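One-letter residues, chain by chain:
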Amino acid sequence: MSLATEGFDVDSLSLGPIESGTSILLTGEDADTLQAVFSQLVAADDDERSIVLSTGSGGRAVQRDLNSARTGAGNRASVLTCEGPAAGDDIQSVDDISDLTRLGMDFSTLVASAQQGSGRFRSGIMLCSTIASEIEDTRSLYRFLNSNFLTELRRGDGIGVCALDTSADIGADMSSTISGLQTSFGAHIEVEKTGPGQATLTVDGLGGEETVDVSL
Amino acid sequence: MSKATTEEVSDLSRTVLCVDDEQRIDDVSTAIDGENGLAALEATTVAGAAELLQQESVVCVVTSYDLADGTGMDVIRAVREHAPQVPSVLFTDRPPQDIDTESFEETIVEYLNRDLPDAHDRLGFITNDVIEHSAQVGFLRPDDEEERLSTLAEYDIDELPIEESFERLTDLIASHFDAGVAFIGLIEKDEENFLACHGADLDSLTREDTICTHSMLQEDVMVIEDIADDNRFNKNEQLENLGIVSYAGANMTAPNGQVIGQVCLIDFERRSYDAEERAELQDFAETAMEILDLRQSLRSARGEEVAQ
């Protein structure tokens, strides 16, 4: 119900302020590099909250990654994790990653809570490819994305990042799946590791097409 | 207080089935009736809701969790059985961890916590939003879907004499590729309508049950050699019932760049298509689009002549 406001800064990746409501598809075949770029995008600024659905890292690890990306961002994050226990108010655990009914409810509850504060949020799914590989019917994943991820961006003042490890086996043609996802997302960032702590980002949809070399 | 009867709401296009116990149903109905263009239809039990779903055309279901004869998830199960495209909102003061989702693992529902300070205001907004944006569909839509649908709407399909041309074309395509089925389909908001089909009796299919809704998102011809190997399609009962094994689809792209339909081949055995065959299928799709555009231009020109 909130109105879109000023953009979301991601200075560390040399990307200009990202317009509120933007959904970003993040793809790459090196999971660590993907994680580092994801954290830079999702780390909340002082007046924002991060909402992260993590399939492969524990809640504390996610918070540490966010802190590395932006000072204090881990303290402004709510994490829904499929790895490790719940802790405090900000880390909730997911028992069954394939229970998308419950996952959707938990995720939207966290977004709703974030909107009770400043209202500005950065949401992220790391990794969407893991969910795709765990569920039986891909249509359920698309329902989940439509209902619980893209919808929140349309309604609220936030940006969302959905990361896909292109080396994962998702039970469907990866290239074709990415082409489909690309058309539904506002922007696509392709991450290629070029060296230790180095990556090239091919960015499409954030004000044009560009290639950016970054240090992570 | 809303006590809309079946007769009263039947004339309205956007009826929302509200399900809650006797004590709280009026709160929910009032919130829905307060939204412009929405009308509440009430049920206070799972059984009552299931009955109304079979009798009435509703565009959304809002249900609480605790009901006398079951739970809100039972209502949502009934929605998926009787009206699978209808979005559902679970409006409850129960936290997610108290909700039994064990037998509903891949059923997506909008969850709205009733304890939020602005919960009733949000309910109307969210209900409108899930209806307007078909927010729970199981397929991906292009970012510019509204522009695409506007493009499609510009074609007076029902008024254009294209049926015979397209039937000849699909006969030719099936023969050329020695395929079991060849069809031309237009992809509407919620379904694919088949304008012509050789080898099968296809009229329309819910969009999330079609392969074309995926194929239209690809720039090139999309080929699925065996749908059993692809998680996007191998749990799709509609495709299984039709006996579909392989698929190839090419985009029908309007002059403004929007994809409005597909020209497709289906076979009942595993099969691949080489680059030349894919290019030929794309040529057929462009031919179908040209026929559609020429017929539309002719109709428009005749309309202008009459007007003069």
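The structure under discussion appears in the preceding block.
The rules behind each value
- Residues numbered from 1 in each chain as written.
- Chains lettered and ligands numbered in written order.
- Predicted model: local features only at pLDDT ≥ 70, side-chain atom pairs only at ≥ 80, totals over all residues.
- Heavy atoms only, no water.
- Pairing = 2+ DSSP bridges.
- Helix = DSSP H or I, 4+ residues; strand = E, 2+ residues; numbered from the N terminus.
- Axes fitted to C-alpha atoms, helices over the stretch in contact; angles between N-to-C directions.
- Contact = heavy atoms within 4.5 Å.
- Buried area = accessible area lost by both parts, 1.4 Å probe.
- Salt bridge = Lys/Arg side-chain N within 4 Å of Asp/Glu carboxyl O.
- Polar contact = N/O pair within 3.5 Å; in protein donor to acceptor, adjacent residues only side chain to side chain.
- Nonpolar A, V, L, I, M, F, W, Y, C, P; charged D, E, K, R; others polar.
- Core = buried A, V, L, I, M, F, W, Y, C linked by side-chain atoms within 4.5 Å.
- Buried < 20%, exposed > 50% of the residue type's maximum accessible area, 1.4 Å probe, protein only.
- Disulfide = S-S within 2.5 Å.
- Arc of directions from axis to C-beta.
- Patch = residues over 30% accessible without salt bridge, like charges linked within 9 Å, V, L, I, M, F, W, Y side chains within 5 Å.
- Areas by Shrake-Rupley, 256 points an atom, 1.4 Å probe, with all protein chains shown as cover.
- Lys, Arg positive; Asp, Glu negative; His and termini not counted.
- Charge placed at Lys NZ, Arg CZ, Asp CG, Glu CD.

**Student:** Explain the sheet that holds strand S4 (residues 48-54) of chain A to me, and be specific about the residues and the numbers.
**Tutor:** Residues and elements named next belong to chain A. With mixed pairing, the nine strands of this open sheet are ordered in space as S6-S5-S4-S7-S8-S3-S9-S10-S11. This sheet does not close on itself; its edge strands, each paired only once, are strand S6 (91-93) and strand S11 (209-215). For this sheet the average axis-to-axis angle between neighbouring strands, irrespective of direction, equals 15 degrees. Bridging between strand S5 (residues 77-81) and S6 involves three bridges; their strand directions are parallel. Note that in S6 the partner of valine 79 across the bridge is isoleucine 91. In the packing of helix H1 (residues 31-42) onto the sheet, the strands contacted are strand S3 (23-28), S4, strand S7 (120-126), strand S8 (157-165), strand S9 (187-195) and strand S10 (198-204), and the crossing angle to S7 comes to about 170 degrees. The strands touched by helix H5 (residues 138-155) within the sheet are S3, S4, S7 and S8, with S7 carrying the most contacts at an inclination of about 150 degrees.

**Student:** Residues and numbers for the interface of chain B and chain A, please.
**Tutor:** Counting residues at the interface gives 45 residues for chain B, matched by 43 residues for chain A. Across the chain B to chain A interface the summed buried area is about 4,000 Å²; carbon plus sulfur atoms make up 48%. The three residues of chain B that bury the most area against chain A are Glu106(B), Leu140(B) and Arg232(B), which together make up 19% of that side's buried surface. In this assembly, chain B and chain A are joined by five salt bridges. A salt bridge links Arg139(A) to Asp209(B); the nearest nitrogen and oxygen atoms lie 2.8 Å apart. Put simply, chain B and chain A have 20 residue pairs in polar contact (both at pLDDT 80 or more) between them. Those elements that provide at least two residues to the side of chain B that touches chain A are strand S7 (110-113) and helix H5 (119-132) of chain B. Ranked by residues supplied to the side of chain B that touches chain A, first place goes to H5(B) with five residues. In terms of residue class, the side of chain B that touches chain A is built from 20 nonpolar, 11 polar and 14 charged.

**Student:** Summarise the nonpolar core; cite the residues concerned and give the values.
**Tutor:** Counting residues in hydrophobic clusters, the biggest one holds 56 residues, and the most contacted among them are Ile131(A), Phe144(A), Leu145(A), Phe149(A) and Phe183(B). Per-element tally for this core: the top contributor is H5(A), with seven residues. For Phe183(B), the contacting residues outside a window of four places in its chain are Thr170(B), Glu192(B), Phe194(B), Ala196(B), Cys197(B), Leu202(B), Cys212(B), Tyr247(B), Gln262(B), Val263(B), Cys264(B) and Ile266(B). If you look at the next biggest cluster of nonpolar residues, it comprises 33 residues, including Val10(A), Leu15(A), Val37(A) and Met126(A).

**Student:** Can you lay out the side chain of Asn146(A) for me, pointing to particular residues and giving the numbers?
**Tutor:** Mapping Asn146(A) onto the fold places it in helix H5. Only 2.8 Å separates the side chain of Asn146(A) from the backbone oxygen of Val137(B), close enough to count as a polar contact. Those residues in contact with Asn146(A) that lie beyond four places of it in its chain are Thr151(A), Ala135(B), Val137(B), Phe139(B) and Arg141(B).

**Student:** Run through the pairing of S3(A), naming residues and quoting values.
**Tutor:** Residues and elements named next belong to chain A. Among the six residues of S3, six are classified as buried, and the element is accordingly described as predominantly covered. Burial of the side chains of S3 extends over both faces: Ser23, Leu25 and Thr27 are buried on one face and Ile24, Leu26 and Gly28 on the other. Where S3 meets S8, six bridges bridge the pair, whose relative direction is parallel. Opposite serine 23, over in S8, you have glycine 160 as the bridge partner.

**Student:** Which residues make up the state of the cysteines, and what are the values?
**Tutor:** Residue and element names in this part refer to chain B. According to the stated counting rule, one finds zero disulfides over all chains in the structure shown. Distance from the sulfur of cysteine 212, which forms no disulfide, to the nearest cysteine sulfur (cysteine 264) is 3.3 Å. The exposure class assigned to cysteine 212 is buried, which follows from its relative accessible area of 2%. Looking at cysteine 264, the relative accessible area reads 0%, which means it is buried.

**Student:** How would you sum up the sheet that holds strand S11 (residues 222-224) of chain B? Please name residues and give values.
**Tutor:** Residues and elements named next belong to chain B. One open sheet holds the six strands; their spatial order is S10-S9-S8-S13-S12-S11, and the pairing between them is antiparallel. Where the open sheet ends on each side, the last strands, each with one partner, are strand S10 (204-206) and S11. Direction aside, the axes of adjacent strands within the sheet are offset by 25 degrees on average. Lying on the sheet, helix H7 (residues 163-177) is in contact with strand S8 (181-187), strand S9 (191-198) and strand S13 (259-267); it crosses S9 at an angle near 70 degrees.

**Student:** Summarise the environment of Leu67(B); cite the residues concerned and give the values.
**Tutor:** With respect to the helices and strands, Leu67(B) occurs in strand S4 (residues 66-67). Not counting residues within four places of it along the chain, the set of residues in contact with Leu67(B) comprises Val19(B), Asp20(B), Asp21(B), Thr44(B), Val46(B), Gly72(B) and Val75(B).

**Student:** Break down helix H2 (residues 59-69) of chain A for me, with residues and values.
**Tutor:** Residues and elements named next belong to chain A. Listed in full, the buried residues belonging to H2 are Gly59, Val62, Gln63 and Leu66. The arc that holds the buried residues of H2, viewed along the axis, is 100 degrees, so those residues lie on one side. Exposed side of H2, more than 90 degrees from the buried face: Arg64 and Ser68 are the residues found there. Those residues of H2 that are buried are in contact with H1, S4, S5 and S6.

**Student:** Hey, could you go over a negative patch on the surface for me, with residue numbers and the actual values?
**Tutor:** Together, Glu163(B), Glu164(B), Glu167(B) and Asp171(B) make up a region of like negative charge exposed at the surface. Positionally, Glu164(B) belongs in helix H7.

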